[in-house]
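# A look at the structure
Spelled out, the chains give:
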Amino acid sequence: MHNVILAILIPLSTPSASAAPQPELVPISGSVTQECAVAVAVKPSLYAQATQGKPDALLCELRVRDSNGRDVPYAVRAAKTRVVETEKEWRELKVTRVTEADGRLVVDAEFPAGSSNPERFLALKVATPLTDFEQSVEVSSEGVPLASGVLCDYRKFADLRVTEMPLEASYRRTLTVTFAKPTSEAAAAAFERTIRENGEGKLEAKSVRESVVNRPFRIDSLSVAVPRTRVSFEAAPPMIVHTACTVETDAKAKKTVLETSVFGLPVTAIAVNATDRNFSRKVAVFRRMDGRWHPLTSGRISAVNLPGERKSNLEIAFGREVRETALRVEIENDDNPPLALETTSDAGVGLPLTLKVTQYDIVFVATPGEKYSLVVEPGAERPRYDEAILGYIDRVQDPVRFEINFPLYDGDDVLNGENGPTAIWLTTPFDVIPFVSAIVFAALGLICIRLIKSTGS
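This one's a predicted model, so the numbers in the text were calculated from it and none came from an experiment. Residue indices follow the written sequence of each chain, beginning from 1 at its first position. Local features in a predicted model are, by the rule used here, given only for residues with pLDDT of at least 70; side-chain atom pairs are given and counted only at 80 or more, and totals for whole chains, interfaces and linings are based on all residues. As a convention, hydrogens and water are excluded, and side-chain values are obtained from all of the structure's heavy atoms.

## A look at the overall build of the chain
Where we set the bar: Starting at the N terminus, helices and strands are each numbered in turn, a helix being any DSSP run of H or I of at least four residues and a strand any DSSP run of E of at least two. Per-residue accessibility, obtained with a 1.4 Å probe over protein chains only, is compared with the maximum for each type, and a residue is labelled buried under 20%, exposed over 50%, and partly exposed between these values. For this analysis, residues touch if any pair of their heavy atoms sits within 4.5 Å. Surface exposure here means Shrake-Rupley accessible area, sampled with a 1.4 Å probe, where a residue is shielded only by the protein chains that are shown.
Summing up its helical and strand segments, the chain has five helices and 30 strands in all. Each of the 457 residues in the chain was classed as buried or not, and the buried ones make up 37%. Within the chain, residue pairs in contact and separated by at least 24 positions form 77% of the contacts whose partners lie at least 6 positions apart. Summed over all atoms, the accessible surface of the chain reaches about 26900 Å², with 52% contributed by carbon and sulfur.

Set out below in C-alpha cells:
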C-alpha cells in the first residue's frame, strides 16, 4: 500500500516542474552576402528576461542560436556611433605659365600628376610674402569661370590676413588664376620732412611728404584644398527609456515618492518629467537591495520660465552605470504643492520618469543564408568562447546592423507599460502552481492517514 501511495505522489508532483516556462526564442532579422561581423542592439526586454538582482545576469544567460539551434559565439560591448568628418587636404599646384595681360596677372597651373584625382575642389590658397595688400582674384578652367574672391593683408590696421578663398568646383586638371593687380602700392619706410623758419627764428611752416613704391605681387605657390574623409567611432548616445511607476505623496514627510522597476538596465541618469513651470526641489535616488531601499545619489531638479530667464534641469546623473532591479525617487516638497508630472503617453501609460541607458551591442559572426535568434536561459553560466573569434569581433569597428523582432514590444519606448516588461516587484502576480501543489499534498496526506487507519497498520 505504501508503494501505491508513492506512485501517486510522484506523478502528481512532477507537473509543477514541467510547467516551468521554457525560454522564448527571439528572431533576428538581417542577412549578409559574405561572412562578417554583425551587431544587434540590446533591448530593455532582454534585461527584463534575465535573472533579477544579478548584475551580470544577461551576460551569463544570453545565447545566440542559428537555425539548427547551435550556439553562436558572441560578445557584448558598448555600442559605437560611426562619425564621418570631411577635412581639407592641401595639394600644391604646378605653375606652368605666368603672363601680364590687360593690366592683370594671369597664372596657369596644373594639378600634380601621379596623385589620385579628387572628385572636387574646396578652396584655393595663395602663398605670398607680401603684407599690406588687397587683391581681387578670379579662377577659371579652360575659359569656364569657377570662383572669385578677395585676398588681403591689413596688418597695418588690424590683425587680418586672408590668403584662402572658396573654390567649390568639380575636379579640373588645369586652372587659371587671374589677379587684378600685377603690382601693389605701399608707403615707403622713409619720408621727407621740410621745416621753414622766418627771420626771427620762429617756425613758419612744416611739410611732410611720403613716397609710394610699387611692388610686384609675388606668388610663392598655389594650392587647392580637396576633401579627405576621416572616419572615427565614438560612444553611442544613451538610449532614452520612458518608464511607468508608482507615485505617492507623503504629506507628513512633505515628499513625493516614485518607484519603478529597471530590470538591471545600465542606467546612467534618471529624469523627473515634471510639467510645472517654476520650481527647484531636492531629489534623492535610492536603489532596491535586500528588500530595502539604500541611498544611491542626490541632486536638485529645477525649471524657470519667467521673462528674461528660461532654463530647465530635470535630470539626476549617476556618474556611472547603475544596474539595479528597482529605483526610488524622493522629491522634497517642503511647504510647496507636489509637482505635476507627465501622466500619459500615446499608449495611455503614465510616464513620470525617463531613464538614460548605456547602449550595448551583441556582436557575432554571421554567414550568408543563415537565420539567427536570441534566447535568455535563466540560471545559465557565463559562456566561454574561442579567443580567435572574440579577438576578431573586437577588432571590427563597424559591423553590419541586424534587428531584433520582438513580437509585442520593441523595448525602446515604455518600460513597465502595457506592452513592456511588467514591474516584477511593483505588481507581484499570484503564482497558482505552489497553491495547487499545497492543496494536492494536503489531500494526499489525508488519504494516507485514512488508508493507514483502515488497514490497522
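## Details of the layout of surface pockets
This is how the line gets drawn: Space inside and on the surface of the protein is sampled on a 1 Å grid over the protein atoms alone, with a cavity defined as a set of points where a 1.4 Å probe fits but cannot get out and a pocket as an open set with protein on both sides within 12 Å along at least 5 of 7 lines; lining residues have an atom within 4 Å of a point. Grid points are joined across faces, edges and corners, and a volume is the space filled by probe spheres set on the points. Throughout, the ten residues Ala, Val, Leu, Ile, Met, Phe, Trp, Tyr, Cys and Pro are labelled nonpolar, Asp, Glu, Lys and Arg are labelled charged, and all others, Gly among them, are labelled polar.
Here the largest pocket defines a volume of roughly 310 Å³. Taken together, 21 residues make up the lining of the largest pocket; nearest its centre are K54, P55, D56, G264 and R323. If you list the elements that add at least two residues to the lining of the largest pocket, you get α3 (57-61) and β21 (279-289). By residue class, the composition of the lining of the largest pocket is 10 nonpolar, five polar and six charged.

## What to know about the pairing of strand β7 (residues 104-110)
Test applied: Following DSSP output, two strands are said to pair if at least two bridges run between them.
For β7, the tally of buried residues reaches five of seven residues, placing the bulk of the element in the interior. One ladder, built from seven bridges, connects strand β6 (residues 94-101) with β7; its direction is antiparallel. Note on β7: the bridge partner recorded for E100 is L105. The antiparallel hairpin formed by β6 and β7 contains two residues in its connecting segment, where D102 sits at a positive phi of about 55°.

## Section: the nonpolar core
The following threshold applies: Take the buried residues of types Ala, Val, Leu, Ile, Met, Phe, Trp, Tyr and Cys, join any two whose side-chain atoms come within 4.5 Å, and each joined set is a nonpolar core.
With 57 residues, the main nonpolar core has I270, I362, F364 and L374 as its most contacted residues. A per-element tally of this core places strand β27 (residues 360-366) first, with four residues. Core analysis: the second largest hydrophobic core is formed by 26 residues, A109, L146, A169 and V224 among them.

## Side note on the sheet that holds strand β16 (residues 221-235)
Rule in force here: For helices, the fitted line uses only the C-alpha atoms of the stretch in contact; every axis is such a line through C-alpha atoms, and the angle between N-to-C directions lies from 0 to 180 degrees.
An order of β5-β16-β8-β12 is seen for the four strands of this open sheet, with the pairing classed as antiparallel. Single-partner strands in this sheet number two, and they are β5 (80-92) and β12 (164-170). Each adjacent strand pair in this sheet contributes to an overall mean axis angle of 30°, direction not counted. Bridge count for strand β8 (residues 120-127) against β16 is five bridges, and the pairing is antiparallel. Residue pairing in the sheet places A123 in a bridge with A225 of β16.

## Topic: the sheet that holds β6
Note on sheets: strands pair through backbone hydrogen bonds, and any given pair is parallel or antiparallel. Within the open sheet, the six strands sit side by side as β6-β7-β13-β9-β10-β11. Their pairing is antiparallel. The two strands at the open ends of the sheet, each matched to only one other strand, are β6 and β11 (161-162). Looking at chain direction, β7 and strand β13 (residues 174-179) are connected through six bridges and run antiparallel. Counted as the bridge partner of L105 is F179 from β13.

## A short note on the pairing of strand β19 (residues 255-261)
Of all seven residues in β19, six are buried; the element is thus mostly enclosed. Two elements, strand β18 (residues 246-250) and β19, share five bridges in a ladder whose sense is antiparallel. Across the sheet, D250 pairs through a bridge with K255, a residue of β19. Between β18 and β19, which pair antiparallel one after the other, the connecting turn spans four residues, and K254 there sits at a positive phi close to 60°. Summarising the sheet, β19 and strand β25 (residues 326-332) pair through seven bridges and their orientation is antiparallel. Directly across from L258, in β25, lies its bridge partner V329.

## Here's the deal with the environment of V137
Secondary-structure assignment places V137 in strand β9 (residues 133-141). Distance from V137 to S148, taken between C-alpha atoms, is 5.6 Å for residues 11 residues apart in sequence. Residues contacting V137, with those up to four places away along its chain left out, are A147, S148, G149, L151, M165, V177, T178 and F179.

## Thoughts on the pattern of salt bridges
The condition is simple: We count a salt bridge whenever a side-chain nitrogen from Lys or Arg sits within 4 Å of a carboxyl oxygen from Asp or Glu.
With the rule as written, the count across this model stands at 25 salt bridges. One continuous salt-bridge network, built from bridges that share partners, spans E85, E87, E89, R91, R228 and R230.

## Here's the deal with the side chain of T243
Keep this limit in mind: As used in this structure description, the phrase polar contact means that two N or O atoms lie within 3.5 Å; if the pair is within protein, one of them must be able to donate a hydrogen and the other to accept it, and residues adjacent in sequence are counted only when both atoms belong to side chains.
Mapped onto the elements of the fold, T243 is located in strand β17 (residues 239-243). In this structure the side chain of T243 is engaged in a polar contact, spanning 2.6 Å, whose partner is the side chain of T260.

## Description of the packing of aromatic side chains
So the rule is basically this: Note on aromatic pairs: the rings of Phe, Tyr and Trp (six-membered ring only in Trp) are paired at centre separations within 6.5 Å, and the planes decide the class, stacked below 30 degrees, edge-to-face beyond 60, tilted for the rest. In this scheme, Lys NZ or Arg CZ marks a charge over a ring once it lies within 6 Å of the ring centre and within 35 degrees of the ring normal.
Applying the stated criterion across every chain, the model contains seven aromatic pairs. Between F133 and F217 the ring centres are 5.4 Å apart and the planes differ by 75°, which places this aromatic pair in the edge-to-face class. Taken together, the positions of F133 in strand β9 and F217 in the loop between β15 (203-216) and β16 put the pair 84 residues apart, joining distant regions of the chain. For F217, a relative accessible area of 5% puts it in the buried group. Among the aromatic residues, those joined into a ring-pair cluster are F111, F121 and Y171. One residue, K125, lies across the ring of W90, its end atom 4.4 Å from the ring centre. Positioned above the aromatic ring of W293, the side-chain terminus of R288 is 5.0 Å from the ring centre.

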